[in-house]
Amino acid sequence: MKRNSDEDPESEPDDHEKRILFTPKPQTLRQRMAEEIKSRNEETSEKSQEDENQDIWEQQQMRKAVKITEGRVIDLSYSSDSPIVKKFAISISFPPVNLEIIKKQLNTRLTLLRDTHRSHQREYEKYVEDIKSSKNTIQNLESSSNQALNYKFYKSMKMYVENLIDCLNEKIIHIQEIESSMHALLLKQAMTLMKRRQDELKHESTFLQQSSRKAETAKNGSLTIDENTQRILEEVKCRRSKRRQARTLSGNCNHQEGTSSDDELPSTETTDFQKKQGDILHDCGKVFEDVNDDFCNIQNILLKFQEWREKLPDSYYEAFIGLCIPKLLNPLIRVQLIDWNPLKLGSTSVKQMSWFTSIEEFIDSGVEDAKKDNPDKKILSTVINKTIIPRLSDFIEFIWDPLSTSQTTSLITHFRVILEEHSAWKNEVNESKQDLLKSIVSRMKKAIEDDVFIPLYPKSTVEDKTSAHSQFQERQFWSALKLFRNILLWNGLLPDDTLRELGLGKLLNRYLIIALLNAIPGPDVVKKCSQIAACLPEKWFENPAMRTSILQMESFIQFLLQSAHNLSRGEFRNEVKEIILILVKIKALNQAESLIEEDHLDDLKSLTEKV
């Protein structure tokens, strides 16, 4: 204003228009806002974040300044012509600010910071794990053997296994042919003996029937029989005479006629059998004669896989080599089993064979560093299941003669060994074992049906112990009793119900009891009853609370009581005492006490009180 007055004195206003300013000229709102924005930009460049309380205070100051200048007329400039006056009506509203809003904003920001922190923490932990894993990998690689050597080892094992499989595939056909030849040879011998026994039984029975018919007797008193029957009977008589002489020389005087196996072959047939068997074994020895020991020796093969297990155990177990070894060894074990006959007394046990020992050593060498579910522990059980049991089943089904005590005893011995090795893995579902037991039961049933025959003759015919009828009946009874004993030898291996059905139900009650009922009462009958009782397993009568015997023995008990009543009337006190002892043994205590009371045998009451 002063400058304008100096330049143009004529335009000076009147005195009443002159104003005296006691305070500095206030800035306009626009100037203050521009100045404030400039100040905030400078502070923003100096600081990345500004205190919220400071912002709130500045906003309050701005609202106060707006209120002061509200409604005032501001002279912006004076021109030479006329003054220009501008008015601003400013109305700016800001949201109310209180402590809750500030707290809410702070909590929101704190939540965001916490989420960010957690995300960073997770990333950090991931990086730490990656670093740890990398360090372990580096350490393992540094501590492991040279990878080139491992690759070389794997390559050599691959080539070895491929060559081994090619070798076994080539030889397996020859092995099967040799097995078939040996099986056919043994089967032919077994069938020859069984057919001969049945034919002789048939011809002898027919001859005795004809001899009891006077109408078929010739005028000179001799029987008209065909030459074939006569030849067969002479052969039977000759073999019995030789066996009788052999027993006399050995001092065996307690032998019963009919309990011999009668498995002697003519010398020509025996020589022919031995020659063919020798040729087969010779061919068997030549199967792997052109093969290196590393591919046909079980111990050398297992050493290869043992080296792999010790050197690189992880890859060994991941490849499930323990499941493959039984299949690889199968042809080699079958070669060693070609000369194995479990029906022959004194035959080599599977535990004594070289393959069994080699597998046991292989398993034992890996016990210390073995895993919990190590397939190597089941190698031996698998070999028995897949190789030994099928071969044993063939012997039982086609070659075994249940009437032969020597064959049955040898078979049971081998069966117990196999069952013992198998018992370590009871949880396994072993179908082959069940099939083996079924084949044993089936073979014994067939023997009862085909080989048991006890003829029944009038008592007047068998009173003479030297007559042909009496001797034939005696031989057949003792032969059936021998089968009864052989069946009960399976006690503990076959279920008790199965043994009772075969031995007691099918043989004792159907054949032996009928023969005893037809016999003449006397010491011989009591002797036969004692032999029957001696065959019964003691396990069936171990219960001390038993007063009555098992159900299947009821017919036998009634026969004993009937025999005791008949013998008590005569001078057979010792025989009656023997019958009471039999009743006590089979836990027929109630019947024994009744017998003593009915026949007034008070002096024998002590026999029942000892139990």
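Residues numbered from 1 in each chain as written. Predicted model: local features only at pLDDT ≥ 70, side-chain atom pairs only at ≥ 80, totals over all residues. Heavy atoms only, no water.

Asker: Is there a simple way to think about the overall build of the protein chain in this case?
Answerer: Each helix and strand counted, the protein chain has 23 helices and 2 strands in total. Counting over 611 residues, the protein chain shows a buried share of 36%. Contacts in the protein chain between residues far apart in sequence, at least 24 positions, make up 74% of those at least 6 positions apart. (Helix = DSSP H or I, 4+ residues; strand = E, 2+ residues; numbered from the N terminus. Buried < 20%, exposed > 50% of the residue type's maximum accessible area, 1.4 Å probe, protein only. Contact = heavy atoms within 4.5 Å.)

Asker: Looking at this structure, I do not really get the packing of helix α19 (residues 523-535) against helix α21 (residues 573-585). What am I missing?
Answerer: Between two packed helices, what matters for the description is the angle formed by their axes and the separation of those axes. Contact pair α19 / α21: the axes reach a minimum separation of 10 Å and the direction vectors enclose 20°. One finds that α19 runs roughly parallel with respect to α21. In this structure, α19 meets α21 at a crossing whose hand is left-handed. Of the residues in α21, those touching α19 at Pro523, Val526, Cys529, Ser530, Ala533 and Ala534 are Glu575, Glu578, Ile579, Ile582 and Lys585. (Axes fitted to C-alpha atoms, helices over the stretch in contact; angles between N-to-C directions. Parallel < 35°, antiparallel > 145°, perpendicular 65-115°, else oblique. Left-handed = near helix turned anticlockwise from the far one by under 90°.)

Asker: So what exactly am I meant to see when it comes to the packing of aromatic side chains here?
Answerer: A ring pair, where both rings are aromatic, is described by two values, the distance of the centres and the angle of the planes. Taken as a whole and judged by the stated rule, the model has 10 aromatic pairs. Taking the centre distance of 5.7 Å and the plane angle of 70° together, the rings of Trp355 and Phe356 count as edge-to-face. Owing to a relative accessible area of 0%, Trp355 belongs among the buried residues under this scheme. Site record: aromatic cluster; members linked through ring pairs are Phe153, Tyr154, Trp308, Tyr316 and Tyr317. A cation over an aromatic ring shows up here: Arg309 above the ring of Phe362, its NZ or CZ 4.2 Å from the ring centre. (Phe/Tyr/Trp six-rings, centres within 6.5 Å; stacked < 30°, edge-to-face > 60°. Lys NZ or Arg CZ within 6 Å of the ring centre and 35° of its normal.)

Asker: Explain the pattern of salt bridges to me, please; I cannot follow it from the model alone.
Answerer: It is possible for side chains of opposite charge to pair when their charged atoms get near one another. Following the criterion strictly, the structure yields 16 salt bridges and no others. Its salt-bridge partner being Arg118, residue Asp115 comes within 2.3 Å of it at the nearest N-O pair. Placement of both Asp115 and Arg118 in helix α4 (residues 99-143) is noted, with a separation of 3 residues, approximately one turn of the helix. Where Asp450 meets Lys446, a salt bridge forms, and the shortest distance between an N and an O atom there is 2.9 Å. Linking Asp450 with Lys446, this pair stays in helix α15 (residues 431-451), spanning 4 residues, or about one helical turn. Given the relative accessible area of 45%, Lys446 is considered partly exposed. (Salt bridge = Lys/Arg side-chain N within 4 Å of Asp/Glu carboxyl O.)

Asker: Any chance you could explain the environment of Met194 here in plain terms?
Answerer: Note on placement: Met194 falls in helix α5 (residues 147-211). By relative accessible area, Met194 is classed as buried at 12%. Residues Met194 and Asp263, spaced 69 residues apart in sequence, show a C-alpha to C-alpha distance of 8.8 Å. Those residues in contact with Met194 that lie beyond four places of it in its chain are Phe398 and Arg443.

Asker: Any chance you could explain the nonpolar core here in plain terms?
Answerer: Side chains that are nonpolar tend, in soluble globular proteins, to be buried together. Grouped together as the largest cluster of nonpolar side chains are 126 residues, with contacts concentrated most on Phe288, Phe305, Trp355, Ile359, Phe484, Trp490 and Phe556. Looking at this core, the element that brings in the most residues is α5, giving 13 residues. Setting aside residues no more than four positions away along its own chain, Trp490 makes contact with Trp400, Thr408, Leu411, Ile412, Phe415, Ile440, Met444 and Leu499. (Core = buried A, V, L, I, M, F, W, Y, C linked by side-chain atoms within 4.5 Å.)

Asker: What is the right way to read the packing of helix α20 (residues 554-568) against helix α22 (residues 589-598) from this model?
Answerer: Put simply, α20 and α22 touch, their axes get as near as 11 Å, and they point 15° apart. By the angle between their axes, α20 is roughly parallel relative to α22. Note that α20 runs across α22; the crossing there is right-handed. Taking contact as the criterion, the partners of Glu554, Ile557, Leu561, Ala564 and His565 in α20 are, on α22, Gln591, Leu595 and Glu598.

Asker: I'm lost on the confidence of the model for the protein chain in this one. Help?
Answerer: Per-chain confidence: the protein chain averages 81 in pLDDT, with 79% of residues scoring 70 or above. Of all helices and strands in the protein chain, the one with the weakest mean pLDDT is strand β1 (residues 73-78) (43), whereas helix α11 (residues 321-336) scores best (94). In this model, residues 1-17 is a region of pLDDT below 50 whose contacts with residues beyond four sequence positions or in other chains number 4 contacts. Across residues 71-89, confidence stays below pLDDT 50; counting only partners more than four residues off in sequence or on other chains, it has 17 contacts. (pLDDT = per-residue confidence, 0-100.)

Asker: Explain helix α7 (residues 267-285) here, please?
Answerer: Residues separated by three or four positions in an α-helix point in the same direction, a consequence of the helix having 3.6 residues per turn. With 19 residues, α7 should reach 27 Å at 1.5 Å per residue; the first-to-last C-alpha distance of 27 Å fits that figure. Residues of α7 that are buried include every one of Phe273, Ile280 and Cys284, and no others. When α7 is viewed along its axis, its buried side chains cluster within an angular range of 50° and face the same direction. Along α7, the residues that are exposed and aim more than 90 degrees away from the buried face are Ser267, Thr268, Thr271, Gln274, Lys275, His282 and Gly285. Against α5 and α11 lie the buried residues of α7. (Expected span 1.5 Å × (residues − 1). Arc of directions from axis to C-beta.)

Asker: Help me out: how do you make sense of the state of the cysteines in this one?
Answerer: Tallied over the full model, the rule gives 0 disulfides. Considering cysteine sulfurs only, Cys296 is the nearest to Cys167, which forms no disulfide, with 7.2 Å between them. Classification of Cys167 as buried rests on a relative accessible area of 13%. (Disulfide = S-S within 2.5 Å.)

Asker: Quick question: what am I supposed to make of unusual backbone geometry here?
Answerer: When glycine is set aside, most residues are seen to have a negative phi, and most peptide bonds are trans. You will see that Phe320, though not glycine, has its phi angle at about 55°, which is positive. Checked against the element boundaries, Phe320 lands in the loop between α10 (313-318) and α11. The exposure class assigned to Phe320 is partly exposed, which follows from its relative accessible area of 47%. Phi angles above zero are rare outside glycine, and Lys587 is one such case at about 65°.

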